[in-house]
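Residues per chain are reported as follows:
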Amino acid sequence: MLLQRLVEYADTSGDNTPKFYARKPVRWSLDLDGSGVPRGGFVDTANKDDPNHRFGVPRLVPAVTRTVGISPVLAVDNGEYVFGWLSEGAKPERVATQHDAFRALITAWAAAEPDGPGPAIVAFYRDGHAGRLAPPPGWVRGDLIGFSVDGEYAADTAPARRFWAEVAGDRKGSGRSGLCLVCGQVQPLLQTVPQLIPRRWVPGATQNASLVSMNEAAHGYELQKSLTNTPICADCGLKFTTALTGLLSDPLHSTALSGQNARLAWWVLGGSTFDPWATVEQLDPAQIRNLISGPADGTEATVDDLSRYCSVTVGGNVARVVVRDWVEQPISRVKDNIRAWFDDHQIVDAWTGEVVRIKVSQLARAAGRFEAGRNGGPGNWTKFGASGEHRPPDMFHRLLRAALLKQPLPPKLLHHVINRIRIDGRLDPARAALIRLALRRHPTLPPHARERLTPTLNVEHKQPPAYVAGRIFAVMDDLQRTVSRVADQRLNTTFAERYFGRAIDNPQVVIVSGRRTVQAWLKRLRGPLRRPAWSNAYERRLDDLFVQLDAIPGAAVLTDKAQFILGYHQQRAEMRTERLAAAANKKNTDLPPEPNDVAPTTDDEGDDA
């Protein structure tokens, strides 16, 4: 099914790559006139300042899988084949054989296509021009060298395409015809897949990799190697390899993060223009607006009901493509899954008071270790793949599956995130979103309890009591900050910084001891600091919260720890939102105003716990 969908994509993508061709960087170009005389020296097309031209200008070149055997390609190849140049470590006898094979191929081409550029290249060799050319400065063994004749790139002319299709078909064909498993038609069958996927697009591969291969008899059914028991025609074999290579190399259709051990590619069949990636990762406002408004106003396009979302996650093992995951879903169902994703993870930002959606890569990033900045400066998340990142290796792809396919979350996600919050003392919107997401998708949570987990503070949410305990902790911390600010005293360590990790595990111990300290803070506000109204405001809020508890929760289970964190985050956000509204004369509040704090100086970071 995967191969069929890749072939369908190749048929609809408008890719006009000729048979047995691929796009590769050709660094050196040599132009000949019609009689084979060079019209100048080698032209270096590499541009080190342009990442797309670091190794030369990308061109369509004849391409088939080349292993240990001698197998020249037409009119463009490396220096060993084209000129017989010796690089360090090369064997002279083998290089001479390679060069002879290249020239023999050119001669056969010129005989088969006398009106093409082949005769000029034959004359170039016959008249001794090749022997007068030395390797240009900067040449290395892997550089491709291509011929042009009268300014026309020889390898991509119509005569070259016709001749090369026959040569490559003979090399890779099995010499038999049969029913192709991919297209279901009786066609000439391949012996091996003719092209490989470059290793740079397959994490973990150490060589260019094949999607389908049986190199040893022990690997194949009935001890048959090659594609003997996996009949694939040449057309399909070329199409699915070209399609997958194109998808993996296209940033609009694939993604990979360092250290996540896989690359994901996706595509849509059926005509829909919906882009799942733009919705969940780039957070495209137009895509999200159309997604959310579609069911309400009845504008869901019929084409979406007939279109399919496909995705494949691949890794590598030496020269093999490892398919880690394959998914095919109707676009309409993917849209429903994404709506549920937003409903489950969107969260209030404690800094702005706005409900925000978090892109998948940021959620995965926030699951790793946070490194505090020096001397109070802004910190950052440990990079993907770095030593000590303490981030699950498949976190990004598991979250992406949860978003697009409504798959279960990693079983240890909730425990892992809570542990990182405790260790780092760091709670920002992304981590709060992960907490809410894990709670709402927890397998033992009943539907009515799931609905109480809203993006913003829910004052009616009183069970479990850990949520209320988190709210109490947030008010206590805010009270301490107010007292120190009014008293013009710098806090070395806030109440939350000192006790947050302990309170997550056992709210009772921290809140019971904190009540005694709270009384001292309230007394100080009423007396020496002359803020009795503020003292009364905090006291009323704490009394209202304590009355909701039959008992202060003690040692917490995993979900109670998450509820405590969520209550703390949302209460903190609610108080800041209330202050912002009062400052804009939109709402009255009995809370003391905050100073003109500076917004966070790093993207996607948020506030410390």
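Residues numbered from 1 in each chain as written. Predicted model: local features only at pLDDT ≥ 70, side-chain atom pairs only at ≥ 80, totals over all residues. Heavy atoms only, no water.

### Brief notes about the overall build of the protein chain
Here's step 1: A tally of helices and strands in the protein chain yields 20 helices and 17 strands.
Here's step 2: Taking 609 residues into account, the globule formula puts the C-alpha radius of gyration at 25 Å, and the protein chain, at 33 Å, lies well above it.
Here's step 3: If you line up the protein chain on its principal axes, its C-alpha atoms span 105 × 50 × 45 Å.
Here's step 4: Expressed as a percentage of the 609 residues in the protein chain, the buried residues total 49%.
Here's step 5: Pairs at least 24 apart in sequence give 69% of the contacts found in the protein chain among residues at least 6 apart. (Helix = DSSP H or I, 4+ residues; strand = E, 2+ residues; numbered from the N terminus. Rg over C-alpha atoms; globule rule 2.2 N^0.38 Å. Buried < 20%, exposed > 50% of the residue type's maximum accessible area, 1.4 Å probe, protein only. Contact = heavy atoms within 4.5 Å.)

### Some points on the side chain of His129
Here's step 1: Structurally, His129 is set in the loop between helix H4 (118–126) and strand E6 (144–149).
Here's step 2: Excluding residues within four positions of it along the chain, His129 makes contact with Gly36, Val37, Pro38, Ala123 and Phe124.

### Observations regarding unusual backbone geometry
Residues other than glycine predominantly adopt negative phi, and peptide bonds predominantly adopt the trans conformation.
Here's step 1: With omega at 5°, the peptide bond leading from Gln463 into Pro464 counts as cis.
Here's step 2: Position of Pro464 relative to the elements: it lies in the loop between helix H15 (447–451) and helix H16 (465–486).
Here's step 3: The phi angle at Asp488 is positive, at roughly 55°, despite the residue not being glycine.
Here's step 4: Relative accessible area serves as the criterion here: at 69%, Asp488 is assigned to the exposed category.

### Section: the confidence of the model for the protein chain
Here's step 1: Residues of the protein chain with pLDDT of at least 70 account for 91%, and the chain-wide mean is 85.
Here's step 2: By mean pLDDT, the top-scoring element of the protein chain is H4 (96), and the lowest-scoring one is helix H8 (residues 285–297) (67).
Here's step 3: Counted against residues more than four places away or in other chains, residues 597–609, with its pLDDT under 50, gives 40 contacts. (pLDDT = per-residue confidence, 0-100.)

### Regarding the packing of helix H1 (residues 2–12) against helix H6 (residues 234–249)
Here's step 1: Relative to each other, H1 and H6 sit at 80°, their axes nearing to 8 Å. Taken as axis vectors, H1 and H6 run roughly perpendicular relative to one another. Along the contact surface, H1 presents Leu3, Leu6, Val7, Tyr9, Ala10 and Asp11, while H6 presents Cys236, Lys239, Phe240, Ala243, Leu244 and Leu247.
Here's step 2: A breakdown of the residues in the contact of H1 with H6 according to their chemical character gives ten nonpolar, no polar and two charged. (Axes fitted to C-alpha atoms, helices over the stretch in contact; angles between N-to-C directions. Parallel < 35°, antiparallel > 145°, perpendicular 65-115°, else oblique. Nonpolar A, V, L, I, M, F, W, Y, C, P; charged D, E, K, R; others polar.)

### Focus: the nonpolar core
Across soluble globular proteins, nonpolar side chains show a tendency to be buried alongside one another.
Here's step 1: Trp341, Leu399, Ile435, Ile472, Phe473 and Phe500 are the most contacted members of the largest nonpolar core, which has 89 residues in total.
Here's step 2: It is H16 that provides the largest number of residues to this core, a total of eleven residues.
Here's step 3: Sequence-distant contacts of Phe473, defined by excluding residues within four places in its chain, comprise Phe495, Ala496, Tyr499, Phe500, Ala503, Val510, Phe564 and Tyr568.
Here's step 4: Membership of the second largest hydrophobic core comes to 43 residues, among which are Val64, Tyr81, Val82 and Phe124. (Core = buried A, V, L, I, M, F, W, Y, C linked by side-chain atoms within 4.5 Å.)

### Digging into the pattern of salt bridges
Here's step 1: One pass over the full model with this rule turns up 29 salt bridges.
Here's step 2: In this structure, Asp325 and Arg401 form a salt bridge, with 2.2 Å as the shortest nitrogen-oxygen distance. Here the residue Asp325 occupies a position in strand E13 (residues 308–330), and Arg401 occupies one in helix H12 (residues 395–405), the gap between them amounting to 76 residues.
Here's step 3: For Arg398, the salt bridge is made with Asp394, and the minimal N-O distance between the two is 3.5 Å.
Here's step 4: Relative accessible area serves as the criterion here: at 28%, Arg398 is assigned to the partly exposed category. (Salt bridge = Lys/Arg side-chain N within 4 Å of Asp/Glu carboxyl O.)

### Notes on the packing of aromatic side chains
Here's step 1: Taken as a whole and assessed by the stated rule, the structure comprises 21 aromatic pairs.
Here's step 2: Look at Phe370 and Trp381: their rings are 5.0 Å apart centre to centre, the planes differ by 75°, and that puts the pair in the edge-to-face class. In this pair, Phe370 is assigned in strand E16 (residues 370–371) and Trp381 in strand E17 (residues 380–381), connecting sequence segments eleven residues apart. Trp381 carries the same exposure label as Phe370, and that label is buried.
Here's step 3: Summarising the aromatic geometry, the rings of Phe495 and Tyr499 are spaced 5.2 Å apart at their centres and angled 55° between planes, so their arrangement reads as tilted. Taken together, the positions of Phe495 and Tyr499, both in helix H17 (residues 495–505) and four residues apart, correspond to about one turn of that helix. (Phe/Tyr/Trp six-rings, centres within 6.5 Å; stacked < 30°, edge-to-face > 60°.)

### Notes on the packing of H17 against helix H20 (residues 558–583)
Here's step 1: Relative orientation of the contacting elements H17 and H20 amounts to 145°, with a least axis distance of 8 Å. In this structure, H17 contributes Ala496, Phe500, Ala503, Ile504 and Asp505 to the contact, and H20 contributes Lys561, Phe564, Ile565 and Tyr568.
Here's step 2: Counted by class, the contact of H17 with H20 contains seven nonpolar, no polar and two charged residues.

### Notes on the sheet that holds strand E12 (residues 263–269)
Here's step 1: Strand order in the open sheet made by the four strands is E10-E13-E12-E11, with mixed pairing throughout. Only two strands of the sheet have a single partner each, and these edge strands are strand E10 (205–210) and strand E11 (254–255).
Here's step 2: Here E10 runs beside E13; their pairing, made up of two bridges, is parallel. What sits directly across from Ser210, in E13, is Arg320.
Here's step 3: Helix-sheet contacts for H12 involve E11, E12 and E13, and the interaxial angle to E13 is about 15°. (Pairing = 2+ DSSP bridges.)

### A look at H1
Owing to its 3.6 residues per turn, the α-helix aligns residues three or four sequence positions apart on the same side.
Here's step 1: For H1, the set of buried residues is Leu2, Leu3, Arg5, Leu6, Val7, Tyr9 and Ala10.
Here's step 2: Turning to H1, the residues buried within the fold contact H6, E12 and E13.

### Topic: the environment of Leu105
Here's step 1: With respect to the helices and strands, the residue Leu105 is situated in helix H3 (residues 92–112).
Here's step 2: Ignoring any residue separated from it by four or fewer positions in sequence, one finds Leu105 in contact with Pro72, Val73, Leu74, Phe163, Trp164, Val167 and Arg171.

### Thoughts on the environment of Glu451
Here's step 1: Relative to the helices and strands, Glu451 resides in helix H15.
Here's step 2: In sequence terms Glu451 and Asp344 are 107 residues apart; their C-alpha atoms lie 9.6 Å from each other.

### Describing the environment of Gly184
Here's step 1: Topologically, Gly184 is positioned in the loop between strand E8 (173–179) and strand E9 (186–190).
Here's step 2: C-alpha separation for the pair Gly184 and Gln4, spaced 180 residues apart in sequence, amounts to 9.9 Å.

### Observations concerning the state of the cysteines
Here's step 1: Under the definition given, this model contains zero disulfides.
Here's step 2: Here Cys180 is not cross-linked by a disulfide; its sulfur's nearest cysteine counterpart is in Cys233, at 3.7 Å.
Here's step 3: Cys310 takes part in no disulfide bond, and the closest cysteine sulfur, belonging to Cys236, lies 16 Å away.
Here's step 4: Given the relative accessible area of 0%, Cys310 is considered buried. (Disulfide = S-S within 2.5 Å.)

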